[in-house]
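# Structural characterization, general
Spelled out from the first residue to the last, the chains are:
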Amino acid sequence: MTLPSDKGDAVGLSAADYDAFCRFLRERTGLSFTEAKRYFVDRRVSERMAAVGVDHFRKYLNLLRFQASGEELQLLVNRMTVNETYFFREMYQLDCLVDAALDEVVRGREPGSRVRIWSAGCATGEEPYSIAITLLERWSRVDDFEIELYASDIDSHVLARAREGIYEERSLQAMPHDLVAKYFTRLDDQRWQIMEELRDSIDFSLVNIADPQQMANFRGIDVIFCRNLLIYFDDLGRREAASMFYDALSPNGFICLGHSESMSRMSSLFVPRRFPDAILYQKPQS
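Everything quoted here is computed from the prediction, not taken from an experiment.

The rules we used
Residues numbered from 1 in each chain as written. Predicted model: local features only at pLDDT ≥ 70, side-chain atom pairs only at ≥ 80, totals over all residues. Heavy atoms only, no water. Core = buried A, V, L, I, M, F, W, Y, C linked by side-chain atoms within 4.5 Å. Buried < 20%, exposed > 50% of the residue type's maximum accessible area, 1.4 Å probe, protein only. Helix = DSSP H or I, 4+ residues; strand = E, 2+ residues; numbered from the N terminus. Contact = heavy atoms within 4.5 Å. Polar contact = N/O pair within 3.5 Å; in protein donor to acceptor, adjacent residues only side chain to side chain. Salt bridge = Lys/Arg side-chain N within 4 Å of Asp/Glu carboxyl O.

### Some words on the nonpolar core
In terms of nonpolar packing, the biggest core is built from 48 residues, with Phe21, Trp118, Ile209, Ile224, Cys226, Phe245 and Ile255 touching the most fellow members. Going through the elements one at a time, helix H1 (15–29), helix H2 (38–52), helix H3 (57–66), helix H4 (71–80), strand E1 (114–120), strand E7 (221–226), helix H11 (235–248) and strand E8 (249–257) are the ones with two or more residues in this core. With residues near it in sequence (within four places) discarded, Trp118 still touches Tyr150, Ala151, Ser152, Met215, Phe218, Ile221, Val223, Ile224, Phe225, Phe245 and Ala248. Among the nonpolar cores identified, the runner-up in size contains 45 residues, and Ala100, Ile131, Tyr183 and Phe204 belong to it.

### Things to note about the environment of Glu72
Looking at the secondary structure, you find Glu72 in helix H4. In contact with Glu72, not counting residues within four places along its chain, are Arg48, Val52, Tyr60, Leu63, Leu64 and Gln67. Polar contacts involving the side chain of Glu72 include one to the side chain of Arg48, which spans 2.9 Å.

### Some details on the pattern of salt bridges
If you walk through the whole model with that rule in mind, you get 20 salt bridges. Among the ionic pairs, Arg138 bridges to Asp95, the shortest N-O distance being 2.5 Å. Taken together, the residues Arg138 in helix H6 (residues 126–138) and Asp95 in helix H5 (residues 91–105) connect sequence positions 43 residues apart. Judged by its relative accessible area of 36%, Arg138 falls in the partly exposed class. A salt bridge links Arg116 to Glu148; the nearest nitrogen and oxygen atoms lie 3.0 Å apart. Taken as a pair, Arg116 in strand E1 and Glu148 in strand E2 (residues 146–153) lie far apart in primary sequence, 32 residues in all. Overlapping salt bridges bring together Arg114, Arg116, Glu146 and Glu148 as one network.

These values are about where atoms sit, not about what they do.
Right under this line is the structure:
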């Protein structure tokens, strides 16, 4: 297998090999790639084959299937995912969280009880940190409850960056300057690091949301942010993920999807809720 050129020439996997690879990746990770992504997939597979010194695709596929540590599959997944985000992205959903949704979630709960929020597909951490800052700045009852923030991704590299909490100006483009000054330390002309207290307040973990065993670790979640993640799944994968998110949520809990996504196309388990700021999807009480 030859490495792809920068001009987009047709190279790499045969039709049968491409189909076998996509079926394998979908089964293991939930990620789904069509023929339209052929060049992208060829390049990533070629890069990893060259890195491990394998010259035949079937040998590489066997390595992915049977390597006990799973290290190579993780490295390949890290190359297959796109992780572009920034602070306060789709801010209207954060507005909805603190202006309406959380007040419903805690209705009838005793002060001091737990509120669990999960950022699924957190990439380099901008989303969970944005949630934390929004809660501290704008939710009037933030001190009344024990808030647990979870963040997960399938890409181990971006999780390491999220835990480190160092960002360049592009990531902070939508954040007011006073909040940058309040929650970040400037490292140099190009980089800022979020304060240690916030870094320590979020539980980052490597999670494949297509894996029922890993998803079973998440229960009693009150709000899930899963924005622009399920677009990488096929229809069956989205339905399966929606069912597992349903099991993870507490009764009356909410899930937030990306602006172009609709739960009604994936599952009938959730009730659409139209708030002034956003549409969220709620798990019924019973």
